[in-house]
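Fold and geometry: a report
The primary structure of each chain is shown beneath.
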Amino acid sequence: MPVPASRQTTRRRPGRRWAALLPLLAVASCTAGQTPPPVVDVDRGEVVSSVAATGSLVSITEQNLGFTEGGRLSEVLVEVGQRVEPGQILARLDDFALSQALEQSRAQLAQQQAALDKIRNSNSVEAAAANLDQARAVLDATRGQVDATNRAGEVAVERARVQLDFDRKSLERAEEQLREAEAACGTGSSTSPSTSPSTSPSEPGSGGLGSLLGRGAEGGTDGATGATPGGSTGGLTTDPACQNVPTAESAVQQAKGVVVTSKTNLATAEQQARTEQAAGRVSIEQARTSVVTAENDLGLAGTDRPADTSAQEAMVRDAEAAVALAQNDLDAAALRAPTAGVVSEVNGATGEFLPAASGTTALAPGSSARIPDAAASGASGTGGGDAAGAAGAGGGPFIVLNDVASFQLVVPFEESDAARIQPNQEVDVTVDAVPGLTTPATVLAIAPTGRDVSGIVNYYASIVLREGDPQLRDGQTAEAAVRVEAADGVLRVPSSTVRTENGQRIVDVLGEDGEAAPVPFVPGMVGDEFTEVRSGLDEGQSVLLPQGQVAAAPGGPPQN
């Protein structure tokens, strides 16, 4: 019949009876009719934290086994009728693809780890700082070069301007010499050339000074002066002073040409100077831009490294998870017996392709054992033997184990306790009908979804007993205490002796003078019966028990 709702609710495992601690009590001899205070010594031992719940034993009469993922069957290691032991490999799938997937995941992990090491060991900040120093040095050098170029341009302009001034003065001197020659030619002779009354001396070819000189050259003259003996040129007499005018005119023309050239050189030097100044400003701005870029790179390198490290660490964790999944898939390619039994069916041969297993018994996580209350109430409509039919809906189980001489305990746990339960945790099972019997067991699985049991959300856990006993019967009420946390060989005190004051854990220690003194200590794990002592207490110290838990019996030692 179903377990009463009051017994289905999860409860903490009760502590050991204080009678078990009485041998540890240090009881002093009575004097003057006074009873010494009850104490217990600080000792070393096991500290266990467990969650407990009550359910019913179910005989394991059938196990329907299959692979979590489909694949080609490469080995079948058992035969029908063969007895197997827990953990024994029954069959294997072809795991080549799974092995390669694992290697790929490991390679990805190695790659991500290498990238993380590169980020952690990179010198990006130092390199960015060096680049900034280099950019600043280039900016300083560019400024110096531009300044030198500008000074050279200014010097070239100044030289061209000085040369132009000099050439202008030379032109002025040439013009002055021309005026002096022309003045001398017009007034310094007693014999003036004959001119036609209608011809102006200043007009070329009109009988002026130039014509006179030209005509002097046409006569029968000597090569130097163009004068004939006796000073006449065909009837004309030349003035020696006029011979300097052509030379002066030529000098003026040459000076004017030099001035024009100097003006051109000055304009060219000024234009060159302006061009070089503009180019210098561009070079300085480019160098300044490089400095700003280097400063930004340095700032980014300083701020990006922590973020890059965190992001890469996350990628490493992701790769580690991928490796764990690939390893789990590879491990699942080997089908192991979850418990002892006899092989009653093998539905597959080497080389055949098997689909993924399906159709396990509802509400019996990780097992084909029936849920006692569900079967009794008709909620599932199937017993333990109907699980094979459920599995058969997906093509039938691959291997079926029967005649299993052990029991499972299907227990509902409250959601807060269920969150602490994991497969393969150790369990102590006690049966109400068999006092003093504690059977070791293991958590096989826990349901991923909850079920309403008497108005409370519970999660069923399948617990496999590792040892059988002839006194056990199907349907017996049993309590499962799952060890969710344990520490062995640690310093400990009974949890009942510990109290909290001002945020500190304190016990009362019996001193050598027989007086109790509060002593704070640093606790570790808090178990069902004991609290771990990290520091503050020494092994062998006597700790007072609360008076409410130990009372003195007439004529005897303190009792529980």
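Our structure is the block above this text.
Cut-offs applied
Residues numbered from 1 in each chain as written. Predicted model: local features only at pLDDT ≥ 70, side-chain atom pairs only at ≥ 80, totals over all residues. Heavy atoms only, no water. Helix = DSSP H or I, 4+ residues; strand = E, 2+ residues; numbered from the N terminus. Buried < 20%, exposed > 50% of the residue type's maximum accessible area, 1.4 Å probe, protein only. Contact = heavy atoms within 4.5 Å. Areas by Shrake-Rupley, 256 points an atom, 1.4 Å probe, with all protein chains shown as cover. Pairing = 2+ DSSP bridges. Phe/Tyr/Trp six-rings, centres within 6.5 Å; stacked < 30°, edge-to-face > 60°. Lys NZ or Arg CZ within 6 Å of the ring centre and 35° of its normal. Salt bridge = Lys/Arg side-chain N within 4 Å of Asp/Glu carboxyl O. Core = buried A, V, L, I, M, F, W, Y, C linked by side-chain atoms within 4.5 Å.

With respect to the overall build of the chain
- Helices and strands together make up the secondary structure of the chain, namely 8 helices and 23 strands.
- In the chain, which comprises 560 residues, the proportion classed as buried is 34%.
- Across the chain, every contact between residues at least 6 apart in sequence was considered, and the portion connecting residues at least 24 apart equals 77%.
- Looking at the chain as shown, the accessible area adds up to about 30,400 Å², and 51% of this sits on carbon and sulfur atoms.

Describing the sheet that holds strand β7 (residues 334-336)
- What the 4 strands build is an open sheet, ordered β7-β6-β4-β9; its pairing is antiparallel. In the strand order of this sheet, the two ends are held by β7 and β9 (353-354), each with one partner.
- Taken together, the 3 bridges between strand β4 (residues 71-76) and strand β6 (residues 89-93) define a ladder with antiparallel strand orientation. Note that in β6 the partner of L73 across the bridge is L93.

Quick notes on the environment of T430
- Note that T430 resides in strand β12 (residues 426-431).
- Taking relative accessible area as the criterion, T430 reaches 23% and is therefore assigned partly exposed.
- Discounting chain neighbours no more than four positions away, the residues touching T430 are L437, T438, A478 and E479.

Some thoughts on the packing of aromatic side chains
- Taken as a whole, this structure holds 1 aromatic pair when the rule is applied.
- Across the ring face of F166, the terminal group of R173 is positioned such that the distance to the ring centre comes to 6.0 Å.
- In this arrangement the basic side chain of R492 is found over the ring face of F530, its NZ or CZ atom lying 3.8 Å from the centre.

A few points about the pattern of salt bridges
- For the coordinates displayed, the defined rule picks out 17 salt bridges.
- For E46, the salt bridge is made with R483, and the minimal N-O distance between the two is 2.9 Å. Highlighted residues: E46 in strand β2 (residues 43-59) and R483 in strand β16 (residues 477-494), separated in sequence by 437 residues.
- For E46, a relative accessible area of 27% corresponds to the partly exposed category.
- We note a salt bridge from D428 to R483, for which the minimum N-O separation is 3.2 Å. Of this pair, D428 sits in strand β12 while R483 sits in strand β16, and the two are 55 residues apart along the sequence.

Details of unusual backbone geometry
- Although it is not a glycine, N424 sits at a positive phi angle of roughly 75 degrees.
- Mapping N424 onto the fold places it in the loop between α8 (415-418) and β12.
- One non-glycine residue, N502, adopts positive backbone phi at about 55 degrees.

Examining the nonpolar core
- Membership of the largest hydrophobic core comes to 24 residues, with the highest contact counts inside it found for L57, L409, F413, V427, I463, L465 and V482.
- Residue assignment for this core shows that the elements contributing at least two residues are β2, β11 (407-414), β12, β13 (434-446), β15 (456-465) and β16.
- Discounting chain neighbours no more than four positions away, the residues touching L465 are L57, S406, F407, Q408, L409, V429, T439, P440, A441 and L472.
- V157, L171, A181 and A273 belong to the second-largest nonpolar core, a separate cluster that totals 17 residues.

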